[in-house]
Amino acid sequence: MKSLRLLLCALPLALTGCSTLSSINWSAAYPWNWFGSSTEVTEQGVGKITAATALDQNAIQDALSSDYRLRSGMKTENGNIVRYYEALKGDKLALVINGDKGTVNRIAVMDEDIPTASGVKVGTPFSELYKQAFGNCTSAPSDDKVAVECKAEGSQHISYVFTGTWSGPEGLMPSDDTLKSWKVSKILWKQ
């Protein structure tokens, strides 16, 4: 009889508790998420910055962790003046965030602590990801070095920019043997 009374008392609590359990974020209960989740590049964006994020300093700062400090700038692109944000970690440039029509549409990641969902990060050698450039890569404009941009395997939005030493003509694709030692200098996410 005592156990029946206990069951009758506990049953309403259990039933009302079940209706709220669906709104609990169970992944936050995992021990590896107790101290914050790490930022990574996914098909949706970089961390909490997605194509839906407003190209606004407050919105971007809210989406970034407090490890980053933002500064804004303007540049010309295809004859138009566009606004962009740079996220600095300490004094080092970590992210460049561009947008169009008021939302984010491109993010360049230079921070070694932000990998892709598949584990690729700045510094990963070309030879770990590709056997050859043909069909995967194109020559890319770069400010300081010759660069090659390669589409991430199975991705519609992520690509890698590889840089390295090469003494060939600008705009020409280096040989696969030369590219083997090149490393990821930027991870690009484009809407």
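Each remark here, short or long, concerns the structure printed above.
Residues numbered from 1 in each chain as written. Predicted model: local features only at pLDDT ≥ 70, side-chain atom pairs only at ≥ 80, totals over all residues. Heavy atoms only, no water.

**Regarding the sheet that holds strand β9 (residues 158-163)**
Reading across from one edge, β3-β4-β5-β6-β10-β9-β8-β7 is the order of the 8 strands in this open sheet, with antiparallel pairing throughout. Looking along the sheet, the strands with just one partner apiece sit at the ends: β3 (69-77) and β7 (137-140). Averaged over neighbouring strand pairs, the angle between their axes works out to 25° when direction is ignored. (Pairing = 2+ DSSP bridges. Helix = DSSP H or I, 4+ residues; strand = E, 2+ residues; numbered from the N terminus. Axes fitted to C-alpha atoms, helices over the stretch in contact; angles between N-to-C directions.)

**So, the layout of surface pockets**
In this structure, the largest pocket spans a volume of roughly 620 Å³. Along its surface, the largest pocket is lined by 23 residues, and Arg-106, Pro-141, Ser-142, Asp-143 and Lys-186 are the ones closest to its centre. For the lining of the largest pocket, the secondary-structure elements that each account for two or more residues are β4 (80-89), β5 (92-100), β6 (103-109), β8 (147-151), β9 and β10 (183-190). Here the lining of the largest pocket takes 4 residues from β10, the largest share from any one element. Here the residues of the lining of the largest pocket sort into 10 nonpolar, 4 polar and 9 charged. (1 Å grid on protein atoms, 1.4 Å probe; cavity = no way out; pocket = protein on both sides within 12 Å on 5 of 7 lines; lining within 4 Å. Points joined across faces, edges and corners; volume = space filled by probe spheres on them. Nonpolar A, V, L, I, M, F, W, Y, C, P; charged D, E, K, R; others polar.)

**Here's the deal with the pairing of β3**
Relative to β4, β3 runs antiparallel, the two sharing 9 bridges. Bridged to Ser-72 within β4 is Tyr-85. In this structure, the hairpin formed by β3 and β4 is closed by a connection of 2 residues, where Asn-78 is found at a positive phi of approximately 55°.

**A look at the environment of Thr-42**
On the secondary structure map, Thr-42 appears in the loop between α1 (2-21) and β1 (45-46). With near-sequence residues (within four places) excluded, Thr-42 lies in contact with Ala-117, Ile-158 and Trp-189. (Contact = heavy atoms within 4.5 Å.)

**Brief notes about the pairing of β10**
Where β6 meets β10, 4 bridges bridge the pair, whose relative direction is antiparallel. Its bridge partner lying in β10, Ile-107 is registered against Trp-189. Bridge count for β9 against β10 is 6 bridges, and the pairing is antiparallel. Within the sheet, the bridge partner assigned to Tyr-160 lies in β10 and is Ile-187.

**A closer look at the side chain of Ser-155**
Relative to the helices and strands, Ser-155 is located in the loop between β8 and β9. Taking the relative accessible area as the measure of exposure, Ser-155 reaches 13% and is therefore buried. A distance of 2.3 Å separates the side chain of Ser-155 from the side chain of Glu-43, its partner in a polar contact. Within the structure, Ser-155 has its side chain in polar contact with the backbone nitrogen of Ile-158 (distance 2.8 Å). (Buried < 20%, exposed > 50% of the residue type's maximum accessible area, 1.4 Å probe, protein only. Polar contact = N/O pair within 3.5 Å; in protein donor to acceptor, adjacent residues only side chain to side chain.)

**A word on unusual backbone geometry**
Its identity is not glycine, yet Asn-78 carries a phi of approximately 55°, on the positive side. Mapped onto the elements of the fold, Asn-78 is located in the loop between β3 and β4. The class for Asn-78 is exposed, based on a relative accessible area of 77%. With phi around 55°, Lys-101 is a residue other than glycine that occupies positive phi space. Tracing the chain through its elements places Lys-101 in the loop between β5 and β6.

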